[in-house]
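Given next are the chains, with one letter for each unit.
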Amino acid sequence: MELRTLRTFQRVAQLKSFSKAAAALGYTQAAVTIQIQQLEKELHTRLFDRFGKTISLTQQGTIFYDYACRILDESEKAKLALQEAQELEGHLRIGMTESLCASSFPKLLHAFHTTYPHISISVETSSPEILLDMMNHNELDIVYFIDRRQYHPDWIRVVDEPEEIVFVCHPSHALTKRKSLILKDLLQEELILTESAASYRYELDQYALSIKQQVHPYLEIGNTEFIIRELLSECEISFLPAFCVQPYVDQGRLSILRPRDFQLRVYRQIVYHKSKWLTPHMNAFLSFAS
């Protein structure tokens, strides 16, 4: 069933004439007749009663007319929406924590660019504190970060979703065979961690101190992709957002370790300053990200 045929059917029903519909659409009358016959054949019903030169919708034709009009109306709305998307342009300054930038953002960015090819984006990666300060000074339009829930009367919050932070290692690591683990067991192993300034790393450090333990990673690095590559081939342990490592866990290439005495949940948050005018291209990105 083609939209062209539905338009022909709609015009014939409106004008109650094959010849008038043909003239309005720029077709020959024979072409209009063939289209209607094909449509009736496809629907296995008669759409028009023909009495000489007078035609009218059958009962089935009246029912189908309402659906045809809705389909054509939605088709036009879709065209307009795509046209608006293609025409929308501007520049976005987005602040983002590194773990998000390395995992979920590339897929989001690709989909956004496909829909809005004329919107350019610059990304600043840093700690939530630095990014939020930049936003407060109008150096960033939007901040996308993972941290404890943060509130401020000058911020508009668009996304606030819980995210689990987990210990992760290669499936061959000896601790994967242990039925019960405590945090102390993990802290005694070789650790590759993000810098202490990272929000969830800071939470780990603080909790360890509260139970009179210390975190001593043999390597600190802010690149989440590098850490994951190391875990895939070595026997270290790291502490990362679950969404970063879940694809590898699903493939059986990494394993999650869950100490019974420690669990951390932070929040994936997207905010912008309330004094910032919500431009159409900002709104477009926020709709995608949320």
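Residues numbered from 1 in each chain as written. Predicted model: local features only at pLDDT ≥ 70, side-chain atom pairs only at ≥ 80, totals over all residues. Heavy atoms only, no water.

Where an unreviewed UniProt entry is consulted, the chain appears under the name HTH lysR-type domain-containing protein, with the organism given as [Clostridium] innocuum 2959. Regarding the chain, the UniProt comment filed under Sequence similarities (unreviewed entry) reads as follows: "Belongs to the LysR transcriptional regulatory family." (UniProt positions renumbered as here; feature names shortened; annotations may be inferred.)

Asks: Help me out: how do you make sense of the side chain of His281 in this one?
Replies: With respect to the secondary-structure elements, His281 resides in helix α12 (residues 280-289). Residue His281 is classed as buried on the basis of its relative accessible area, which comes to 13%. A polar atom in the side chain of His281 sits 3.4 Å from the backbone oxygen of His91. When neighbours within four sequence positions are excluded, His281 is seen to be in contact with Leu88, Glu89, Gly90, His91, Leu92, Phe112 and Ile119. (Helix = DSSP H or I, 4+ residues; strand = E, 2+ residues; numbered from the N terminus. Buried < 20%, exposed > 50% of the residue type's maximum accessible area, 1.4 Å probe, protein only. Polar contact = N/O pair within 3.5 Å; in protein donor to acceptor, adjacent residues only side chain to side chain. Contact = heavy atoms within 4.5 Å.)

Asks: Would you mind showing me how to read the packing of helix α10 (residues 224-233) against helix α11 (residues 242-250) here?
Replies: A pair of packed helices is captured by two measures, namely the crossing angle of their axes and the spacing between those axes. At a closest axis distance of 11 Å, the pairing of α10 and α11 adopts a crossing angle of 30°. With respect to each other, α10 and α11 are oriented roughly parallel. Note on packing geometry: the crossing formed by α10 with α11 is right-handed. Contacts between α10 and α11 involve Thr224, Ile228 and Leu232 from the first element and Cys244, Val245 and Tyr248 from the second. Here the contact of α10 with α11 is composed, by residue class, of five nonpolar, one polar and no charged. (Axes fitted to C-alpha atoms, helices over the stretch in contact; angles between N-to-C directions. Parallel < 35°, antiparallel > 145°, perpendicular 65-115°, else oblique. Left-handed = near helix turned anticlockwise from the far one by under 90°. Nonpolar A, V, L, I, M, F, W, Y, C, P; charged D, E, K, R; others polar.)

Asks: What's the story with the pattern of salt bridges in this structure? I'm lost.
Replies: For side chains of opposite charge, pairing can occur when their charged atoms come near one another. Going through the model one piece at a time under the given rule, you end up with 14 salt bridges. Among the salt bridges present, the one from Arg148 reaches Glu203, with a minimum N-O distance of 2.8 Å. Highlighted residues: Arg148 in the loop between β5 (142-147) and β6 (155-169) and Glu203 in helix α9 (residues 199-210), separated in sequence by 55 residues. We note a salt bridge from Arg201 to Asp205, for which the minimum N-O separation is 3.0 Å. (Salt bridge = Lys/Arg side-chain N within 4 Å of Asp/Glu carboxyl O.)

Asks: Can you help me understand the UniProt feature "domain: HTH lysR-type" (unreviewed entry) in the chain in this one?
Replies: Mapped onto this numbering, the UniProt entry annotates "domain: HTH lysR-type" (unreviewed entry) at residues 1-58. In residues 1-58, the share of helix is 62% and the share of strand is 14%. The end C-alpha atoms are 19 Å apart.

Asks: Just to check I follow, could you spell out the packing of helix α6 (residues 105-115) against α12 for this structure?
Replies: With their axes 10 Å apart at the nearest point, α6 and α12 run at an angle of 130° to one another. For the element pair α6 / α12, the angle class is oblique. Remark: the crossing between α6 and α12 carries right-handed chirality. Where α6 approaches α12, its residues Phe105, Leu108, Ala111, Phe112 and Thr115 are matched on the opposing element by His281, Ala284, Phe285, Phe288 and Ala289. Taken together, the residues that form the contact of α6 with α12 break down as eight nonpolar, two polar and no charged.

Asks: I'm lost on unusual backbone geometry in this one. Help?
Replies: Peptide bonds are, in most cases, trans, and in most cases residues other than glycine have a negative phi. One non-glycine residue, His44, lies in the positive phi region at around 55°. Note that His44 resides in the loop between α3 (29-43) and β1 (48-51). On the basis of relative accessible area, His44 is assigned to the exposed category, the value being 73%. In this model, Asn138 sits at a positive phi of 60°, which is unusual for a non-glycine residue. As for its position among the elements, Asn138 is in the loop between α7 (128-136) and β5.

Asks: Just checking my understanding: could you explain the confidence of the model for the chain for this structure?
Replies: Close reading of the predicted structure is inappropriate where its pLDDT is low. For the chain, the mean per-residue pLDDT works out to 89, and 97% of the residues sit at or above 70. The secondary structure element of the chain with the lowest average pLDDT is helix α5 (residues 98-102), at 80, and the one with the highest is strand β10 (residues 255-257), at 97. (pLDDT = per-residue confidence, 0-100.)

Asks: Help me understand the nonpolar core in this model?
Replies: Generally speaking, a soluble globular protein has its nonpolar side chains buried in company with each other. Ranked by size, the top nonpolar core spans 52 residues in total, and within it Phe167, Phe239 and Phe285 carry the most contacts. Both domains that furnish three or more residues to this core are identified here as domain 2 (90-163 + 267-289) and domain 3 (165-264). Discounting chain neighbours no more than four positions away, the residues touching Phe167 are Leu183, Leu186, Leu204, Ile237, Ser238, Phe239, Ser255, Ile256, Leu257, Pro259 and Phe262. Judged by nonpolar contacts, the second largest core, of 16 residues, contains Val12, Ala13, Leu47 and Phe48. (Core = buried A, V, L, I, M, F, W, Y, C linked by side-chain atoms within 4.5 Å. Domains from an automatic or database assignment.)

Asks: Before we go on, may I ask you to explain the pairing of β1 in this structure?
Replies: A regular strand carries its side chains on alternate faces of the sheet. Here four bridges tie β1 to strand β2 (residues 54-57), and the two strands are oriented antiparallel to one another. Note on β2: the bridge partner recorded for Arg50 is Ile55. Hairpin connection between β1 and β2: a loop of two residues separates the two successive antiparallel strands, and Gly52 in this loop has a positive phi of roughly 65°. (Pairing = 2+ DSSP bridges.)

Asks: Looking at this model, I keep getting lost on the side chain of Glu40. Mind explaining?
Replies: Considering the arrangement of structural elements, one finds Glu40 in helix α3. Here the side chain of Glu40 touches Leu47 through a polar contact of 2.9 Å, landing on its backbone nitrogen. At 3.5 Å, the side chain of Glu40 forms a polar contact with the backbone nitrogen of Phe48. If near-sequence neighbours (up to four positions away) are discounted, Glu40 is found in contact with Thr45, Arg46, Leu47, Phe48 and Arg50.

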